[in-house]
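# Remarks on the overall topology
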4 protein chains.
Amino acid sequence: MFVWPLRVYWEDTDGGGVVYHARYVHFFERARSEWLRSLGFHQLELQQQHDLVFAIRAMNLEFVAPARMDDALQVSVSLLAAGRASLRFVQHIHRQPDELIASATVYAACLTASSFKPRRIPAAMLQRIAEAVPATATENP
Amino acid sequence: MFVWPLRVYWEDTDGGGVVYHARYVHFFERARSEWLRSLGFHQLELQQQHDLVFAIRAMNLEFVAPARMDDALQVSVSLLAAGRASLRFVQHIHRQPDELIASATVYAACLTASSFKPRRIPAAMLQRIAEAVPATATENP
Amino acid sequence: MFVWPLRVYWEDTDGGGVVYHARYVHFFERARSEWLRSLGFHQLELQQQHDLVFAIRAMNLEFVAPARMDDALQVSVSLLAAGRASLRFVQHIHRQPDELIASATVYAACLTASSFKPRRIPAAMLQRIAEAVPATATENP
Amino acid sequence: MFVWPLRVYWEDTDGGGVVYHARYVHFFERARSEWLRSLGFHQLELQQQHDLVFAIRAMNLEFVAPARMDDALQVSVSLLAAGRASLRFVQHIHRQPDELIASATVYAACLTASSFKPRRIPAAMLQRIAEAVPATATENP
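Below or above, wherever it landed, is the structure these notes cover. (Residues numbered from 1 in each chain as written. Chains lettered and ligands numbered in written order. Predicted model: local features only at pLDDT ≥ 70, side-chain atom pairs only at ≥ 80, totals over all residues.)

### Describing the overall build of chain A
Keep this limit in mind: The secondary structure listing takes helices from DSSP runs of H or I that are at least 4 residues long and strands from runs of E that are at least 2 residues long, numbered from the N terminus. The globule rule used for comparison is 2.2 Å times the number of residues to the exponent 0.38, while the radius of gyration itself is calculated over C-alpha atoms. Comment: burial labels come from other C-beta atoms within 10 Å of the residue's own C-beta, placed from the backbone, where a count of 20 or more is buried, 12 or fewer is exposed, and between is partly exposed. The contact criterion used here is simple: two residues whose C-beta atoms, placed from the backbone, lie within 7 Å are in contact.
In terms of regular secondary structure, chain A is built from three helices and five strands. Ordered by position from N to C terminus, the α and β elements of chain A give β-α-α-β-β-β-β-α. Here the C-alpha atoms of chain A give a radius of gyration of 16 Å, agreeing with the 14 Å that 2.2 N^0.38 yields for 141 residues. With respect to the principal axes defined by its C-alpha atoms, chain A has extents near 45 × 30 × 25 Å. Scored against the burial criterion, the 141 residues of chain A give a buried share of 45%. Put simply, of all contacts in chain A between residues at least 6 apart along the chain, 67% involve residues at least 24 apart.

### A word on the environment of Arg-30 of chain B
Inspection of the secondary structure assignment puts Arg-30 of chain B in helix α1 (residues 21-38). Take Arg-30 of chain B: there are 17 C-beta atoms within 10 Å of it, and that puts it in the partly exposed class. Leaving out residues up to four positions away in the same chain, Arg-30 of chain B has contacts with Trp-4, Leu-6 and Val-75 of chain B together with Tyr-9 of chain C.

### Regarding the relation of the copies chain C and chain D
To keep things clear, this is the line we draw: The superposition of copies rests on a least-squares fit of C-alpha positions from residues with pLDDT of 70 or more in both.
Under the fitted operation, chain C is carried onto chain D by 0.0 Å of movement along the axis and a turn of 180 degrees, and the coordinates agree to an RMSD of 0.0 Å. As the rotation angle and translation indicate, the two copies are arranged about a two-fold axis. Minimal C-alpha separation from the rotation axis in chain C is found for Asn-60 of chain C, amounting to 2.2 Å. Most of the interface of chain C is mirrored in chain D: 100% of its interface residues are interface residues there too.

### Details of the sheet that holds strand β2 (residues 52-63) of chain D
Within a beta sheet, neighbouring strands are joined by backbone hydrogen bonds and run either parallel or antiparallel to one another. Stated formally: Pairs of strands are assigned from DSSP output, requiring at least two bridges between the strands. All axes here are fitted lines through C-alpha atoms, helices being fitted over the stretch that makes contact, and every angle between N-to-C directions spans 0 to 180 degrees.
Spatial strand order, β1(C)-β3(C)-β4(C)-β5(C)-β2(C)-β2(D)-β5(D)-β4(D)-β3(D)-β1(D): ten strands in an open sheet with antiparallel pairing. Since the sheet does not close on itself, it has two edges, and those belong to β1 (2-7) of chain C together with β1 (2-7) of chain D, each with one partner. For this sheet, the mean inter-axis angle between neighbouring strands, taken without regard to orientation, is 25 degrees. Where helix α1 (residues 21-38) of chain D meets the sheet, it contacts β2 (52-63) of chain C together with β1, β2, β3 (72-82), β4 (86-94) and β5 (100-112) of chain D, and its direction lies at approximately 65 degrees from that of β3 of chain D.

### Structural notes on the interface of chain C and chain D
Note the cut-off: Note on residue classes: Ala, Val, Leu, Ile, Met, Phe, Trp, Tyr, Cys and Pro are nonpolar, Asp, Glu, Lys and Arg are charged, and everything else, Gly too, is polar.
In this complex, chain C contributes 17 residues to the contact, which on the side of chain D involves 17 residues. Put simply, the parts of the chain that give the side of chain C that touches chain D at least two residues each are α1 (21-38) and β2 of chain C. When residues of the side of chain C that touches chain D are assigned to their parent elements, the largest contribution, nine residues, is made by β2 of chain C. For the side of chain C that touches chain D, the residue count by class is eleven nonpolar, four polar and two charged. As paired strands, β2 of chain C and β2 of chain D are joined by five bridges and run antiparallel to one another. Pairing of Asn-60 of chain C across the sheet is with Asn-60 of chain D, part of β2 of chain D.

See below:
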């Protein structure tokens, strides 16, 4: 499991005094971007040199407890399944190890960046992902 | 069904050339705010004079097709169920009447604004909502 | 003077209970986009068919009074000067006609979209802009 | 001079392929928040226990070069002047030590959080700030 720390700033909060719910969607994406980076993949390079982007097709979100200004959060990324053209994740945001803020399941599709049509994840990329996570996660979803 | 129009600006797009997925969560919220306003409820007033806020507890999101800069979108709000302390919605974003961009089911809880604890939706508010939507939607979810 | 109305939503506010200062920068940009649209220019078309984007080079911002959730704001756009490769604006955000929220002067450069290098504003575009605003504004800044 | 590192994500970019100009305003604010934290001040605590917030009154922004997805940026904070009720900063964003992306001068006013009226910066806070920066910066602006 990959974990990325981040801090809550004023920009993340709303007039209710807590983090605006859509900001958690940003936080989940930052952690997935850092997970990809930790595997050696840079998304601007994927887009410009390999005409590849990942697009989010579906998300299920649970907002469990409110985070607030100054909170130090931990965002996790667990790969549930890697298909030939898609990745599925489960992600959690915690404040303390035992204090869950939000959860998400995320379905990301691999697309040709210039046409937005589905394409296969390159074999080398899929293999790099498979090496990094338990074997059970890399079967076809 | 309530429909709110909005326009896509640069702020809504990302380097992939399409609307950033979290922005749709904002768009859904703008339409719910306008739906509440259309029923006569102003959220700042609800917060400051009635110590009441709605918080999103869960969302299921489907991103069907990408929207782009300059697109004119229509965001719908349909109440699925009104409980004593929560509202459930289904929402869609269309570009053309037959061109679906994104869908969401949204579970909103009524909270005491100062404590973030669940509270009942005031009876008058629930009645006003019930008058505005088909009777089947206002049973306990 | 061009004026664009907009509404403040939760997404625009922060934990201080007022609009987050960077959001006014968004509001100013929405109004400039609508001003361009009112003159017949669509920015996605300018980017994709004419390889042209406007980029903001400098802004001076004054935050005069706080706006809040639910506020109905009016954002103005006045062209100060149109040069061969740049436009300068002054913009204001009002809540009531006599209640100033924020002001900005904005310097926008015309760029080749694919290279981000400065380029001339097309003559037909400059002429269309000149027709729409007082002659004094369309001299070289 | 205080420097805070941050990473550019998709959320920060726009359809022009570069960081959306308003996002730099966020980046500047994150660095000021971390500067305050480095001096021992937590803004939620200041708001809730001392009824104190800082609000931005004015900013001058220069956007020098575009940043892009995946860029690692450094945001600096230099206090120019500390008055009895306000702080003035100059801030820069660099990609490489010699590659300037954006600059800002920022005027922040100290306010009573509950009324948004100007108030003095607490003497202990002003002293803590004075200890952390060159003496010339802590005179009345």
